[in-house]
Amino acid sequence: MRNALGLMLASVVAAVMIAGVWYWSSSPRADAAPPQTTAARAVDPLPAAAARPADVETTAALSSKRAENTAAAAPAPAAVPAPAPAPVAAAPKSTCTNPDALGVSRTVVVDTNGGPGFGFLQYKQYDFLTDKEIVLTFDDGPWPTTPAVLKALADECTKAVFFPIGLHTTYHPDILRQVAAAGHTIGAHTWSHAHLAGKKITEQQAKDEIEKGFSAVKLALGANPAPFFRFPALAHTPATTAYLGSRNIAMFSVDVDSNDFKSKNADEVINNVMTKLDKEHKGIILMHDLQKHTAQALPTLLRKLKAGGYKVVWMKAKQQLETLPEYDAMMVKTEKVPTAAARPVGSVIQTVAD
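Caption draft 1: Focus on the overall build of the protein. Broken down by element type, the protein carries 14 helices and 10 strands. Taken across its 354 residues, the protein has 38% of its residues classed as buried. With an accessible surface of roughly 20600 Å², the protein has 61% of that area assigned to carbon and sulfur atoms.

Caption draft 2: Summary view of the environment of histidine 293. If you trace the backbone, histidine 293 turns up in helix H12 (residues 292-307). The spacing of histidine 293 and alanine 266 is 27 residues in sequence and 4.7 Å in space, taken between C-alpha atoms. Excluding its chain neighbours within four sequence positions, the residues that come into contact with histidine 293 are Ser263, Lys264, Asn265, Ala266 and Val269.

Caption draft 3: Representation of the side chain of asparagine 259 in the model. Mapped onto the elements of the fold, asparagine 259 is located in the loop between strand E8 (256-257) and helix H11 (266-280). With residues near it in sequence (within four places) discarded, asparagine 259 still touches Asn272 and Lys276.

Caption draft 4: Here's a closer look at the packing of aromatic side chains. Summed over the entire model, instances satisfying the criterion amount to 8 aromatic pairs. Consider the rings of phenylalanine 138 and phenylalanine 162, whose centres lie 5.2 Å apart with planes at 20 degrees: the pair is stacked. With phenylalanine 138 in strand E3 (residues 133-139) and phenylalanine 162 in strand E4 (residues 161-163), this pair connects stretches of sequence that are 24 residues apart. Ring geometry for phenylalanine 229 versus phenylalanine 231: centroids 5.0 Å apart, planes at 90 degrees, classification edge-to-face. Of the two residues examined, phenylalanine 229 and phenylalanine 231, each falls in the buried class. Each member of the aromatic cluster is reached from another via a ring pair, and the members are Phe118, Tyr126, Phe128, Phe163, Phe228 and Phe252. When the ring centre of tyrosine 310 is taken as origin, the NZ or CZ atom of lysine 132, which lies over that ring, is 4.3 Å away.

Caption draft 5: The arrangement of the nonpolar core in detail. By size, the foremost hydrophobic cluster in this structure holds 33 residues, and its most contacted members are Leu136, Phe138, Leu153, Leu298 and Leu305. Elements with a minimum of two residues in this core: E3, helix H6 (146-155), helix H8 (173-181), helix H9 (203-221), H11, strand E9 (283-288) and H12. For leucine 136, the contacting residues outside a window of four places in its chain are Leu153, Thr158, Lys159, Ala160, Val161, Ile285, Met287, Leu302, Leu305 and Val312.

Caption draft 6: Here's a closer look at the pattern of salt bridges. One pass over the structure, following the stated rule, counts 9 salt bridges. With a shortest N-O distance of 2.5 Å, aspartate 100 and arginine 303 are connected by a salt bridge. Residue aspartate 100 is located in the loop between helix H5 (91-94) and strand E1 (106-110), and its partner arginine 303 is located in helix H12; the two are separated by 203 residues in the primary sequence. With a relative accessible area of 40%, aspartate 100 lands in the partly exposed category. Taking the relative accessible area as the measure of exposure, arginine 303 reaches 32% and is therefore partly exposed. For arginine 106, the salt bridge goes to glutamate 133, with nearest N and O atoms at 2.7 Å. Highlighted residues: arginine 106 in strand E1 and glutamate 133 in strand E3, separated in sequence by 27 residues. Judged by its relative accessible area of 30%, arginine 106 falls in the partly exposed class. Using a relative accessible area of 7% as the deciding quantity, one classes glutamate 133 as buried. Here the salt bridges do not stand alone but share partners, grouping Asp100, Glu156, Arg303 and Lys306 into one network.

Reading guide: rules and limits
- Residues numbered from 1 in each chain as written.
- Predicted model: local features only at pLDDT ≥ 70, side-chain atom pairs only at ≥ 80, totals over all residues.
- Heavy atoms only, no water.
- Helix = DSSP H or I, 4+ residues; strand = E, 2+ residues; numbered from the N terminus.
- Buried < 20%, exposed > 50% of the residue type's maximum accessible area, 1.4 Å probe, protein only.
- Areas by Shrake-Rupley, 256 points an atom, 1.4 Å probe, with all protein chains shown as cover.
- Contact = heavy atoms within 4.5 Å.
- Phe/Tyr/Trp six-rings, centres within 6.5 Å; stacked < 30°, edge-to-face > 60°.
- Lys NZ or Arg CZ within 6 Å of the ring centre and 35° of its normal.
- Core = buried A, V, L, I, M, F, W, Y, C linked by side-chain atoms within 4.5 Å.
- Salt bridge = Lys/Arg side-chain N within 4 Å of Asp/Glu carboxyl O.

Here it is, written out as C-alpha cells:
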C-alpha cells in the first residue's frame with residue numbers, strides 16, 4: 001500500500017516537471033520582445049500633419065459655438081460688426097443735424113454717352129423718376145443770392161443741380177466754388193445766356209457759347225464740370241442737340257417750371273411749384289438762384305415738399321466733361337477769367353478804420 005502511494009506521488013511529480021520544462025522552452029518571454037499592442041499599431045495611420053486640420057476645424061466650430069453663446073448672453077451693442085461698413089457709405093447723410101430734413105432719397109449716376117435728354121417738356125426718352133420724386137435744379141448763377149439758396153438746401157440736407165452762366169462765373173467765381181464745396185452737381189448754361197435757336201446765331205457761335213460756358217466753369221472751379229447742359233429759354237435746334245450728343249453732354253429740360261423770373265413774391269414761387277407738382281406728381285423742377293424771390297421762397301418751399309411726401313433725387317454724372325483746350329486758352333487770354341487760385345476778397349481788401 002505504502003509502495004503504491006509512493007509510486008503514484010512519484011508519477012505526479014514527474015508529470016509536473018515535464019510540463020514545466022515544455023512550457024519554459026516553447027513560450028516567448030515577456031522581457032525578451034516588445035508587446036504587440038493595438039496602441040502601437042494605431043499611430044501609423046494618424047501622422048501629426050493629418051491630425052492638425054481636424055483639430056483646427058473642431059476648435060473653430062467650438063469657438064464659433066462659444067461666440068454664438070456669448071453673443072446671445074452679451075448685450076446687443078457687442079454684436080454689431082457686420083453692419084459697420086454701411087454708415088461709411090452713407091456718410092453724407094450722417095452729417096445732417098436736422099432730424100426732419102427733406103434730404104436726398106436716392107442718388108442717380110448718369111451715363112451721358114450720346115447726349116441723353118431729361119425733362120418731359122422736351123425729352124421723353126428716359127422716365128426714371130417714380131411717383132413723388134423730384135429733381136431740384138437752378139439756372140443763371142452764380143449770383144449774390146446764391147449763398148441764401150445754398151443755406152436753404154443745406155438746412156434741409158438736400159442736393160441740387162446748378163447750371164451757371166459762364167459770364168456770371170467770371171463775376172463771382174468764389175460763389176461758384178461755394179456751390180462746389182457744398183457738394184452739388186455743376187453743369188453749364190452757355191457763356192452769355194444767348195438764345196441758341198435765334199435766327200441770327202450761326203452754328204459756330206452756338207458752339208462757342210456752349211464751350212466757353214463750360215470752360216469758364218472749369219477755370220473758376222479748377223476742376224472739370226459735369227457734362228450737364230440746359231439751353232437758355234430751353235431753345236434748342238437739331239444742330240445744337242447733335243453737337244451736344246457728339247460731346248456726350250446730357251441735355252436738361254423741365255417738368256415743373258417755377259416761373260420765378262416773373263413771380264411778384266416768394267409766395268407766388270411756392271404756389272407755382274406746388275400747384276404744378278400736384279398735377280404732374282413728379283419731375284425736374286426749374287428755378288433760378290439769381291432770383292431773390294426764389295432765395296426767399298426756398299426754405300418754405302422745401303418744407304412744403306417734405307410735408308407733401310416729395311422725395312429729392314440727386315443727379316450726378318458718371319464722368320466729368322473734358323473741356324476743349326482751345327476754349328480754356330481763349331477764356332484765360334481774352335476773358336481774364338479768375339482761376340481757382342484767386343485770393344479771397346478779405347485777404348486783399350481789409351477795413352482798418354470806419
